Amino acid sequence: EIAKFTIEPEFAYGAMGSPPKIPANATLIFEVELISWFSKGDLDDLFGDEGVFKTLVTEGSGWKKPKVGEEVLLSLRAVVADGSVVEERLHFEY
């Protein structure tokens, strides 16, 4: 499977950019090829299609589903099969 992801500036590097390669307010476009996939039985399959899994690291409190227009403070960490981190954001407002 090959997918194209278009990331608007407010969800990418925003007004700061990432000089010298990414200018301010840049829309990022990624073409990603899914080469393989594995499923872990202890993960929460969010959509029931083995497309996105969630692992609970620390129990949260409050609303599980924010209403439209509400802000969410989150931390995210994306890792590949060998365990290396490809992206990590702590206390990111969304």
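Residues numbered from 1 in each chain as written. Predicted model: local features only at pLDDT ≥ 70, side-chain atom pairs only at ≥ 80, totals over all residues. Heavy atoms only, no water.

1. Considering the overall build of the protein chain
In terms of regular secondary structure, the protein chain is built from zero helices and six strands. The proportion of buried residues among the 94 residues of the protein chain is 7%. Put simply, of all contacts in the protein chain between residues at least 6 apart along the chain, 22% involve residues at least 24 apart. (Helix = DSSP H or I, 4+ residues; strand = E, 2+ residues; numbered from the N terminus. Buried < 20%, exposed > 50% of the residue type's maximum accessible area, 1.4 Å probe, protein only. Contact = heavy atoms within 4.5 Å.)

2. Comments concerning the pattern of salt bridges
On inspection of all chains with the given rule, the structure shows one salt bridge. Linking glutamate 87 and arginine 89 is a salt bridge whose minimum nitrogen-to-oxygen distance equals 2.9 Å. Exposure remark for glutamate 87: the relative accessible area of 35% places this residue in the partly exposed category. (Salt bridge = Lys/Arg side-chain N within 4 Å of Asp/Glu carboxyl O.)

3. Some remarks on unusual backbone geometry
In this model, proline 19 is joined to proline 20 through a cis peptide bond whose omega is 5°. One can find proline 20 in the loop between strand 1 (2-7) and strand 2 (28-33). Despite not being glycine, asparagine 25 has its phi angle at roughly 55°, a positive value. Along the chain, asparagine 25 turns up in the loop between strand 1 and strand 2. Accessibility expressed as a relative area gives 51% for asparagine 25, which makes it exposed.

4. Quick look at a nonpolar patch on the surface
On the surface, a cluster of nonpolar side chains totalling about 280 Å² of accessible area is made up of Phe5, Phe30 and Val32. Here valine 32 is to be found in strand 2. A relative accessible area of 39% means that valine 32 is categorised as partly exposed. (Patch = residues over 30% accessible without salt bridge, like charges linked within 9 Å, V, L, I, M, F, W, Y side chains within 5 Å. Areas by Shrake-Rupley, 256 points an atom, 1.4 Å probe, with all protein chains shown as cover.)

5. Some details on the environment of leucine 46
Inspection of the secondary structure puts leucine 46 in the loop between strand 3 (44-45) and strand 4 (53-54). Residue leucine 46 is classed as partly exposed on the basis of its relative accessible area, which comes to 41%. Discounting chain neighbours no more than four positions away, the residues touching leucine 46 are Val52 and Lys54.

6. Some remarks on the environment of alanine 26
Mapped onto the fold, alanine 26 is located in the loop between strand 1 and strand 2. Between the C-alpha atom of alanine 26 and that of glycine 14, which follows or precedes it by 12 residues, the distance is 7.1 Å. Among all residues touching alanine 26, those that are not within four sequence positions of it are Ile7 and Pro9.

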